[in-house]
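Residue-level structural notes
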Amino acid sequence: MILVGDNRVTIPTIERGSVQMVAMSPPYFGLRLYGEDGAEIGKEVTLALYLDSLRDVMRLCWDALRDDGTAWVNLGDSYGPDGKALLVPLEAARWLQADGWTLRAMLPWPKLNGMPESVQSRPSISHEYVLFLTKKPSGYFYDADAVRMGIGASTIERWGDRAKKGRVGNPGSA
């Protein structure tokens with residue numbers, strides 16, 4: 001099932017403990033207007049209020065998720081009026097861990113066609129982060145084989161039989 005809409009409205013319609021995986025990309029903090037009523041997430045006046053809104057949604061997700069469920073949350077950073085990075089993904093990860101989530105990974109997501117920026121005082125940002133969260137530190141479902149990539153010919157050429165046996169690493173290691 002894929003639900004599209006305001007998570008604060010759609011998630012409570014889901015049976016408690018029935019969801020295997022949640023994936024979401026909440027609006028950036030303070031960057032875009034997604035609706036006309038101004039009630040959407042991202043329009044909060046402070047980062048703390050934004051993180052509270054995100055935490056509220058994630059609490060709904062917690063209730064909907066099975067005990068072995070996972071959550072994948074895509075977050076980008078924002079900048080304050082002083083031009084400083086707000087570190088939104090890092091702050092969100094801290095807040096969610098304090099709320100009981102286990103952060104299993106914080107993955108960079110390179111964006112090949114990222115939003116253009118007219119800044120001249122820093123590099124343009126062309127990535128976001130994906131937080132991989134679980135309800136508990138172990139016993140959750142993650143299918144590593146489903147995302148595993150094959151070994152390329154150049155790797156096999158460099159590493160020989162060790163590459164075929166999955167032991168690619170330091171040439172001096174066994």
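This write-up is about the structure you can find in this document. Here the structure is a predicted model, which is why all the values come from computation and not from measurement. (Residues numbered from 1 in each chain as written. Predicted model: local features only at pLDDT ≥ 70, side-chain atom pairs only at ≥ 80, totals over all residues. Heavy atoms only, no water.)

Take the pairing of strand 4 (residues 127–134) next. Burial analysis of strand 4 places six of its eight residues in the buried class, the great majority of the element. Where strand 2 (residues 65–75) and strand 4 come together, six bridges link them in antiparallel fashion. Paired with alanine 71 across the two strands is leucine 133, which belongs to strand 4. By the bridge criterion, eight bridges tie strand 3 (residues 102–110) to strand 4 in an arrangement that is antiparallel. Across the sheet, proline 108 pairs through a bridge with tyrosine 129, a residue of strand 4. (Buried < 20%, exposed > 50% of the residue type's maximum accessible area, 1.4 Å probe, protein only. Helix = DSSP H or I, 4+ residues; strand = E, 2+ residues; numbered from the N terminus. Pairing = 2+ DSSP bridges.)

All right, on to helix 3 (residues 88–98) then. Considered for burial, the residues of helix 3 that qualify are Val88, Pro89, Ala92, Ala93 and Leu96. The buried residues of helix 3 occupy one face: seen down the axis, they fall within an arc of 135 degrees. Looking at the buried positions of helix 3, the neighbouring elements they touch are helix 2 (47–64), strand 2, strand 3 and strand 4. Among the residues trailing helix 3, glycine 100 stands out with phi positive, at a value near 110 degrees. (Arc of directions from axis to C-beta. Contact = heavy atoms within 4.5 Å.)

The next thing to look at is the packing of aromatic side chains. Tallying each qualifying case throughout the model produces six aromatic pairs. Aromatic pair tryptophan 72 and phenylalanine 132: ring centres 4.1 Å apart, planes at 20 degrees, arrangement stacked. Note that tryptophan 72 is positioned in strand 2 and phenylalanine 132 in strand 4, a separation of 60 residues in sequence. Its relative accessible area of 6% is what places phenylalanine 132 among the buried residues. Measuring from ring centre to ring centre gives 5.5 Å for phenylalanine 132 and tyrosine 142, while their planes differ by 45 degrees; the resulting arrangement is tilted. One end of the pair, phenylalanine 132, is in strand 4; the other, tyrosine 142, is in the loop between strand 4 and helix 4 (144–147), with 10 residues separating them in the sequence. (Phe/Tyr/Trp six-rings, centres within 6.5 Å; stacked < 30°, edge-to-face > 60°.)

Moving on: the pattern of salt bridges. One side chain can pair with another of opposite charge once the charged atoms of both are near each other. Inspection of the entire model under this criterion finds 11 salt bridges. Residue arginine 59 pairs with aspartate 99 through a salt bridge whose shortest N-O separation is 2.8 Å. With arginine 59 in helix 2 and aspartate 99 in the loop between helix 3 and strand 3, this pair connects stretches of sequence that are 40 residues apart. Among the residues examined, arginine 59 registers a relative accessible area of 40% and is labelled partly exposed. For aspartate 99, a relative accessible area of 23% puts it in the partly exposed group. Between aspartate 68 and arginine 66 there is a salt bridge, and its shortest N-O distance comes to 2.9 Å. By relative accessible area, arginine 66 is classed as partly exposed at 33%. Here the residues in one salt-bridge network are Asp52, Arg55, Asp56, Arg59 and Asp99, joined through shared partners. (Salt bridge = Lys/Arg side-chain N within 4 Å of Asp/Glu carboxyl O.)

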